[in-house]
Amino acid sequence: MSLTNASPEAAAAEAKTASFSLATLPTSARNDALQTIHDALAASKDEILAANARDLELAQQAAKDGSLSQALVSRLDLGKKGKWDDMLKGILDVKGLPDPIGKLQMKTQLDDDLILERVSSPIGVLLIIFEARPEVIANIASLAIKSGNAAILKVISSALDKTQVPNAAIQLVTTRDAISSLLSQDKSIDLVIPRGSNDLVRYIKENTKIPVMGHADGLCAIYLAASADKDKAVKAIVDAKTDYPAACNALETLLVQDSTLSTIFPAVASGLAAKGVTLHCDEPSKAAISALNLSPFPVDATPADYTTEFLSLDVAVKTVSSLQDAINHINHHSSGHTDCIMTSDPAEAERFMSEIDSAGVYWNASTRFADGMRYGFGTEVGISTNKIHARGPVGLEGLTIYKYKVRGNYQAASDYGSGEGQRQYKHISL
């Protein structure tokens, strides 16, 4: 793995060359590289966490003067909530997953001695640009190597020198001014994956010809229906908001059915407030909990609150009269990340999950489950809200594409057709 100081053009070209070698390595060689990276990180834990603590101190100072958001500071903390252990576990989880390369997806006999196959293959070279997520380096490096892709990362050491993986297959770019040049390397780079703010994603999409896979805001909503189990709903909703407020899968909008204002919603509001959450309420929901003396006290919601990714202990609350109203609101305001319904009515839940146009649609589960590791993908490069190639948590499968292989016996396409004496395709699925 190289901490590249090469020009963006050279870095992209080197990564492209390395990707050809990496794609042909056996599974054992790629797995050995993942073990080596894991062991090198584990051996350097104290040094890495000490450096991260210094970065975190500078970030906290920047947050105090308003030049950095508290959400970014939270994401920078590599020692928080078992993040370090999860990062290392993610590497080994990826190592233990089946090889995603060379999987036979389709096999068809076009004719005698003419066989068509579709097999999975690496995408090629990935450009990953991220903000304040140090664990992304290990996560993406692991996924890239396992899936046979080279990666250029904007920010592991010489660990790869001991493996069969080409050193240029994983490169770190440390200067901001290299980004615009890298975004122009569409002949060498096959896919850009941004991890960061809406502004970052928008900038990248507007400044490159390379396909971009990623999401902007994680504007996740939960609809609280009248039939929901009160105690269970409180637990799941509080978890969705407070387990990690700075995450893209955290709850940002709570839609409450009007008939829950006097039954379930007060308990939900109390549970959220007990965790320090400020509720941005519309008039009906604020009136319903006015006598509870919550601290922090609810504030009046603004229209902008329903399109805001707070990434903090804040949640927008809106009262709706029906399931259809909730569906309409979410499909109009949602970023297409993850949305949920809390209900005991299976028909209502199935309708919600069918009609909501998001990458993840949940029934009675915290939106925090929208995560590659929790899905069993080992780890992820991000959550995609795209509708092409990959959607939702993107793990190994999302970093592969496919190619068609045809094995023949010197046949000519002109021999086939509807005319007299011409051959007919058999198209037999094998």
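Residues numbered from 1 in each chain as written. Predicted model: local features only at pLDDT ≥ 70, side-chain atom pairs only at ≥ 80, totals over all residues. Heavy atoms only, no water.

A short note on the UniProt feature "domain: Aldehyde dehydrogenase" (unreviewed entry) in the protein chain
And then number 1: The UniProt record annotates "domain: Aldehyde dehydrogenase" (unreviewed entry) at residues 6-269 and 316-373.
And then number 2: The span residues 316-373 is 36% helical and 24% strand by assignment, and the distance between its end C-alpha atoms comes to 28 Å. (UniProt positions renumbered as here; feature names shortened; annotations may be inferred. Helix = DSSP H or I, 4+ residues; strand = E, 2+ residues; numbered from the N terminus.)

Brief notes about the layout of surface pockets
And then number 1: Of the voids in this model, the second largest pocket is the one considered here, and its volume is about 850 Å³.
And then number 2: Surrounding the second largest pocket, 37 residues form its lining, Arg133, Glu135, Tyr244, Arg368 and Asp371 being those nearest its centre.
And then number 3: Secondary-structure elements contributing two or more residues to the lining of the second largest pocket are α4 (70-76), α5 (83-96) and α6 (135-146).
And then number 4: Per-element tally for the lining of the second largest pocket: the top contributor is α5, with four residues.
And then number 5: Across the lining of the second largest pocket, the residue classes tally to 11 nonpolar, nine polar and 17 charged. (1 Å grid on protein atoms, 1.4 Å probe; cavity = no way out; pocket = protein on both sides within 12 Å on 5 of 7 lines; lining within 4 Å. Points joined across faces, edges and corners; volume = space filled by probe spheres on them. Nonpolar A, V, L, I, M, F, W, Y, C, P; charged D, E, K, R; others polar.)

Points about the nonpolar core
And then number 1: Ranked by size, the top nonpolar core spans 60 residues in total, and within it Ile128 and Ile152 carry the most contacts.
And then number 2: Here the element with the most residues in this core is α6; it accounts for eight residues.
And then number 3: Filtering out sequence-adjacent residues up to four positions away, Ile152 remains in contact with Ala11, Ala12, Ala15, Val125, Leu126, Leu127, Ile128, Gln171, Val173, Leu182 and Ile189.
And then number 4: Counting 30 residues, the second largest nonpolar core, distinct from the first, contains Ala228, Leu261, Phe265 and Leu272. (Core = buried A, V, L, I, M, F, W, Y, C linked by side-chain atoms within 4.5 Å. Buried < 20%, exposed > 50% of the residue type's maximum accessible area, 1.4 Å probe, protein only. Contact = heavy atoms within 4.5 Å.)

With respect to the side chain of Gln257
And then number 1: Positionally, Gln257 belongs in strand β9 (residues 251-257).
And then number 2: At a separation of 2.8 Å, a polar atom in the side chain of Gln257 contacts the main-chain amide nitrogen of Ala226.
And then number 3: Gln257 has contacts with Tyr223, Leu224, Ala225, Ala226, Val320 and Ser321, leaving out every residue within four places of it along the chain. (Polar contact = N/O pair within 3.5 Å; in protein donor to acceptor, adjacent residues only side chain to side chain.)

Re the state of the cysteines
And then number 1: In this structure the tally under the stated criterion is zero disulfides.
And then number 2: As a non-bridged cysteine, Cys220 has Cys248 as the owner of its nearest cysteine sulfur, 6.9 Å distant.
And then number 3: Residue classification places Cys220 among the buried residues on the basis of a relative accessible area of 0%. (Disulfide = S-S within 2.5 Å.)

Comments concerning a nonpolar patch on the surface
And then number 1: Side chains of Phe369, Tyr375 and Phe377 sit close together on the surface and give an oily, nonpolar patch of about 270 Å² of accessible area.
And then number 2: For Phe369, the position within the fold is in the loop between β14 (360-363) and β15 (382-384).
And then number 3: Phe369 gets classed as partly exposed once you look at its relative accessible area, which sits at 45%. (Patch = residues over 30% accessible without salt bridge, like charges linked within 9 Å, V, L, I, M, F, W, Y side chains within 5 Å. Areas by Shrake-Rupley, 256 points an atom, 1.4 Å probe, with all protein chains shown as cover. Salt bridge = Lys/Arg side-chain N within 4 Å of Asp/Glu carboxyl O.)

Focus on the sheet that holds β9
And then number 1: Read across the open sheet, the seven strands follow the order β11-β10-β12-β9-β8-β13-β14; overall the sheet is parallel. With partners counted over all chains shown, the strands left at the sheet margins are β11 (299-300) and β14, one partner each.
And then number 2: As paired elements, strand β13 (residues 338-342) and β14 share four bridges and run parallel to each other. By the bridge assignment for β14, Thr338 is matched with Gly360.
And then number 3: On the sheet, helix α9 (residues 230-242) packs against β8 (220-224), β9, β12 (314-320) and β13 and is oriented at approximately 150° with respect to β9. (Pairing = 2+ DSSP bridges. Axes fitted to C-alpha atoms, helices over the stretch in contact; angles between N-to-C directions.)

Examining the sheet that holds strand β17 (residues 400-407)
And then number 1: Here we have four strands laid out as an open sheet, ordered β17-β3-β2-β18, and antiparallel in their pairing. Among the strands making up the open sheet, the edge pair consists of β17 and β18 (428-429).
And then number 2: Pairing of strand β3 (residues 114-122) with β17 involves eight bridges; the strand directions are antiparallel. Residue Ser120 lies in a different strand from β17, and its bridge partner there is Tyr402.

Brief notes about α5
And then number 1: Counted at 1.5 Å a residue, the expected span for α5 with its 14 residues is 20 Å, and the 20 Å between its end C-alpha atoms agrees.
And then number 2: Here α5 has its buried residues at Lys83, Trp84, Met87, Leu88, Gly90, Ile91 and Val94. For α5, the angular spread of buried residues about the axis comes to 145°, placing them on one side. (Expected span 1.5 Å × (residues − 1). Arc of directions from axis to C-beta.)

Considering the packing of helix α12 (residues 323-333) against helix α13 (residues 346-355)
And then number 1: Between α12 and α13, whose axes approach to 10 Å, the crossing angle comes to 20°. In this view, α12 runs roughly parallel relative to α13, as classed from their interaxial angle. Along this stretch, α12 crosses α13, giving a crossing that reads as right-handed. Of the residues in α13, those in contact with Leu323, Gln324, Ile327, Ile330 and Asn331 of α12 are Glu348, Arg351, Phe352 and Glu355.
And then number 2: The class makeup of the residues in the contact of α12 with α13 is four nonpolar, two polar and three charged. (Parallel < 35°, antiparallel > 145°, perpendicular 65-115°, else oblique. Left-handed = near helix turned anticlockwise from the far one by under 90°.)

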